[in-house]
Amino acid sequence: MFVITSHRPLSRTRSDCEPVLVERSDVTLMAVVSGKSSLFHSVPAKNASVPSLSIALILLLVAEGLEAESVDDGRNQLFAGILRDEAVERINQLAKISDADGYLERTFLSPASVKAAQLIIEWMRDAGLRTWVDQMGNVHGRSEALNTTAETLLIGSHADTVVDAGKFDGSLGIICAISALKVLKTNGKLHKLSRPVEVIAFSDEEGVRFQSTFLGSAAIAGQLPASALRTSDKNGATIQDVLKENSFEGSDASLLQVKYDPESVWGYIEVHIEQGPVLESLGSPLGIVKGIAGQTRLKVKVSGSQGHAGTVPMLMRQDSMVAAAELIVNLESLCKYPDRALTYKEQCGSYKKESFSGLVCTVGEISSWPGASNVIPGQVNFTVDIRAMDDDDRGAIVSEFSRQVYQICDNRMVNCTIEHKHTAEAVHCDSELSQQLKQAAHSTVKKMSRKIQDEVPVLMSGAGHDAMAMSHLTKVGMLFVRCRGGVSHSPDEYVSDNDVWAAGLALLHFLGQHVSGDYMSS
């Protein structure tokens, strides 16, 4: 859109819709640049007579320019400074806090996790929240409400990462929640909420250090047994040891202090990157999660006979590595073609091929002892991750894999044990919360793009989230955010600045419409 200007130079500024002055000897051009394209209209700079047709065109262009400025003003009301610019900067700041050199890694109560928690506390206070850290290292930021007896809305995600992680997994949900509440504070609405709102940065979701996921959220939901405190990491340190090293009590009694009373909680919301390619393929920045796949984690130990690589004949070996390799290949086959191992028999109530839709199995970690090139391994350990939307299907796969493990180990004359490290049932998100999040997402897309989106996508999640643990405490809802290529758990993980903005704005719409009394209309 373009308007005529005088020949007097103007200062340059940058915004989504900026004036740009271009001068030549005979004309002065002024364009209001919007987006990537522009069209220039010129008039003589001095002593020019403008035909009536040109005057009409000028008036039309002026009107269009004013309309463009009005649109831009509307966009400025979408709090991009806090929900996009500041939020992205904070995500980048967290990404620089790592226990490793050259890649991102933060595990349960590691030095980097403690440093990240301190920064999150600072940001929570900046948003006007009262902060504290509980006995499992979870960071809390809370805003009270006009109604002091109302149940609390919890919003959260995790501050820990996998090894060689991306910077959006977990951090996005924490930062978006803090940013949305900061907007309410900025506009004087934070203390006018109809119910308390509490943001939680969970200390452990990935389970990297202790191979036991959801330590933080499970403790709050009352799902973490006291025996878990005796779980040890690779170096022999227990969860209890690590807690005490960081000035927590690490006792059975202190673990009980972390648990929330279900009667005090209204619901739980989590914003998270999709970690898959569906939203990108649909061209949608946001999606609603219908449910989360159930998950089983196993640790398989294969013990054979350690020996010299050059002196033990092949037919006399009890090779734990070769046995483990066969087990892993069999797992892949089982999960690719479950119907071949679990055929459908109507009279027995067995399983149809279609029922295993979404089944995935992964061996993500393997180690051998003694780990020398000239030694037949005496022991091999590997992990197994099995996920499915249906809990019965997942249970059937775990049982069949266990049967195959013992059979193959017997055939190869090695000993095998299977340790169940973690089990989480599939979770179905609350329909009411999901509908409210859907309305908020729809309003966000409409306001940001000025277009009417036909429908906000609804997806199932194959990845586990803190919402799984929190579902034992209260009803849950989840909002997915588009990520490039569906890549996650990788340094290539990427969410665009505008999609970070969309996530924060959707959360603000949710809070405004359904907590503080229709603060932002749809």
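For the structure itself, consult the block above.
Given the structure is predicted, the values throughout are model-derived calculations rather than measurements.

Draft legend 1. Structural view of the overall build of the protein. A tally of helices and strands in the protein yields 14 helices and 19 strands. Here the protein holds 522 residues, and the buried ones make up 51% of them. Intrachain contacts of the protein at a sequence separation of at least 6 include 74% that bridge at least 24 residues. When the accessible surface of the protein is summed, it comes to about 24400 Å², and 50% of that surface belongs to carbon and sulfur atoms.

Draft legend 2. Spatial organisation of the pairing of strand 10 (residues 294-303). Where burial is concerned, most of strand 10 is hidden: seven out of the 10 residues are buried. Sheet topology note: the strand 10/strand 15 (residues 379-388) ladder contains 10 bridges and is antiparallel. Its bridge partner being in strand 15, Ser 303 is matched across the sheet by Gln 379. Sheet topology note: the strand 10/strand 16 (residues 415-424) ladder contains nine bridges and is antiparallel. By the bridge assignment for strand 16, Leu 298 is matched with His 420.

Draft legend 3. Structural context of the packing of aromatic side chains. Overall, the coordinates contain three aromatic pairs when judged by the stated rule. Here Phe 108 and Phe 210 contribute two aromatic rings whose centre-to-centre distance is 6.1 Å and whose plane-to-plane angle is 75°, an arrangement assigned as edge-to-face. Here Phe 108, found in the loop between helix 2 (80-95) and helix 3 (111-126), pairs with Phe 210, found in the loop between strand 7 (197-202) and helix 5 (215-220); they are 102 residues apart in sequence, far enough to count as distant. Accessibility classification places Phe 108 together with Phe 210 in one group, the buried group. Taken together, a centroid distance of 6.4 Å and an interplanar angle of 85° make the contact between Phe 168 and Tyr 494 edge-to-face. Pair noted here: Phe 168 is in the loop between strand 6 (152-158) and helix 4 (171-186) and Tyr 494 is in the loop between strand 19 (476-481) and helix 14 (497-514), with a separation of 326 residues, a long-range link. Classification of Phe 168 as buried rests on a relative accessible area of 5%. For Tyr 494, a relative accessible area of 32% corresponds to the partly exposed category. One cation-aromatic arrangement involves Arg 84 over Trp 501; the distance from NZ or CZ to the ring centre is 4.7 Å. Looking at Arg 340, its charged tip hangs above the ring of Tyr 337, at a distance of 3.9 Å from the centre.

Draft legend 4. Examining helix 2 more closely. Compared with the 22 Å implied by 1.5 Å per residue over 16 residues, the 21 Å span of helix 2 between its first and last C-alpha is a close match. The sharpest bend along helix 2 comes to roughly 30°, located at Ala 87. Residues of helix 2 that are buried: Ala 80, Ile 82, Leu 83, Arg 84, Ala 87, Val 88, Arg 90, Ile 91 and Leu 94.

Draft legend 5. Main features of the pattern of salt bridges. In total, this model carries 21 salt bridges according to the counting rule given. The partner of Glu 86 in a salt bridge is Arg 90, and the shortest N-O contact between them spans 3.7 Å. Of this pair, Glu 86 and Arg 90 both sit in helix 2, four residues apart, which is roughly one turn of the helix. Looking at Glu 86, the relative accessible area reads 23%, which means it is partly exposed. Arg 90 gets classed as buried once you look at its relative accessible area, which sits at 5%. Salt-bridge contacts for Glu 144 lead to Arg 130; the nearest nitrogen and oxygen are separated by 3.3 Å.

Draft legend 6. View of the state of the cysteines. Throughout the structure, instances matching the rule amount to two disulfides. Two residues share a disulfide in this structure: Cys 335 and Cys 361, whose sulfurs sit 1.8 Å from each other. Its S-S torsion of approximately -80° makes the covalent link between Cys 335 and Cys 361 left-handed. Here Cys 335, found in helix 9 (residues 320-336), pairs with Cys 361, found in strand 12 (residues 360-362); they are 26 residues apart in sequence, far enough to count as distant. Classification of Cys 335 by relative accessible area gives buried; the value is 11%. With a sulfur-sulfur separation of 1.6 Å, Cys 409 is cross-linked through a disulfide to Cys 416.

Draft legend 7. Here's a closer look at helix 11 (residues 391-411). End to end, helix 11 covers 30 Å across 21 residues, agreeing with the expected 30 Å (1.5 Å per residue, within 8%). Among all positions of helix 11, only Asp 393, Arg 394, Ala 396, Ile 397, Val 398, Glu 400, Phe 401, Ser 402, Gln 404, Val 405, Ile 408 and Cys 409 are buried. Contacts made by the buried residues of helix 11 are with strand 10, helix 9, helix 10 (338-341), strand 12, strand 15 and strand 16. Taking the backbone nitrogen of Asp 392 as reference, a side-chain oxygen 2.9 Å away marks Asp 390 as the first, capping residue of helix 11. Directly after helix 11, the chain includes Met 413, whose backbone phi takes a positive value near 60°.

Draft legend 8. Structural view of the environment of Pro 457. Relative to the assigned elements, Pro 457 resides in the loop between helix 12 (431-449) and strand 18 (458-461). A sequence separation of 172 residues divides Pro 457 from Pro 285, and the C-alpha atoms of the two residues are 9.5 Å apart. Contact partners of Pro 457, with chain neighbours within four places excluded, come to Leu 279, Leu 282, Ser 284, Leu 286, Gly 287 and Ile 288.

Draft legend 9. Region of interest: the environment of Ala 341. Among the structural elements, Ala 341 can be located in helix 10. In this structure, the C-alpha to C-alpha distance between Ala 341 and Phe 401, residues 60 residues apart in sequence, is 9.7 Å. Those residues within four positions of Ala 341 in sequence are excluded, and the remaining contacts are Leu 334 and Glu 400.

Draft legend 10. Examining the side chain of Ser 203 more closely. Examined against the element boundaries, Ser 203 turns out to sit in the loop between strand 7 and helix 5. According to the relative accessible area criterion, Ser 203 is buried, its value standing at 8%. A polar side-chain atom of Ser 203 sits 2.8 Å from the main-chain carbonyl oxygen of Met 136. Once residues lying within four places of it in the same chain are set aside, the contact partners of Ser 203 are Phe 108, Met 136, Gly 137, Asn 138, Asp 160 and Gly 216.

Draft legend 11. Molecular detail of the environment of Val 414. Note that Val 414 resides in the loop between helix 11 and strand 16. In sequence terms Val 414 and Ser 305 are 109 residues apart; their C-alpha atoms lie 7.8 Å from each other. Not counting chain neighbours up to four residues away, the residues in contact with Val 414 comprise Val 302, Ser 303, Gly 304, Gln 318, Asp 319, Ala 323 and Cys 409.

Cut-offs and rules
Each residue is numbered by its place in its chain's sequence as written, counting from 1. Totals for whole chains, interfaces and linings use all residues, but because this is a predicted model, local features are given only for residues with pLDDT of at least 70 and pairs of side-chain atoms are given and counted only at 80 or more. Hydrogen atoms and water are omitted, and side-chain values are computed over all heavy atoms in the structure. What counts as a helix is a DSSP run of H or I of at least four residues, what counts as a strand is a run of E of at least two, and both are numbered from the N terminus. Buried residues are those whose accessible area, probed at 1.4 Å on protein chains only, stays under 20% of the maximum for their type, while exposed residues exceed 50% and partly exposed ones sit between those limits. Contacts: residue pairs with any heavy atoms within 4.5 Å of one another. Each accessible area value is a Shrake-Rupley result obtained with a 1.4 Å probe; residue values ignore everything except the protein chains displayed when judging cover. Paired strands, as defined in this entry, are two strands with at least two bridges between them according to DSSP. For Phe, Tyr and Trp, where Trp contributes only its six-membered ring, two rings pair if their centres lie within 6.5 Å, and the inter-plane angle classes them as stacked under 30 degrees, edge-to-face over 60, or tilted in between. Throughout this description, the term charge over a ring refers to an Arg CZ or Lys NZ atom that lies within 6 Å of the ring centre and within 35 degrees of the ring normal. Expected span, for any helix, means 1.5 Å times one less than how many residues it has. Bend at a given residue is defined as the angle between two axes, one fitted to the seven residues that end at that position and one fitted to the seven that begin there. Only one rule defines a salt bridge in this text: a Lys or Arg side-chain nitrogen within 4 Å of an Asp or Glu carboxyl oxygen. Any pair of cysteine sulfurs within 2.5 Å is marked as a disulfide. In the analysis that follows, any N or O atom pair within 3.5 Å is treated as a polar contact, provided that within protein one partner can donate a hydrogen and the other can accept it, and provided that, for residues neighboring in sequence, both atoms belong to side chains.

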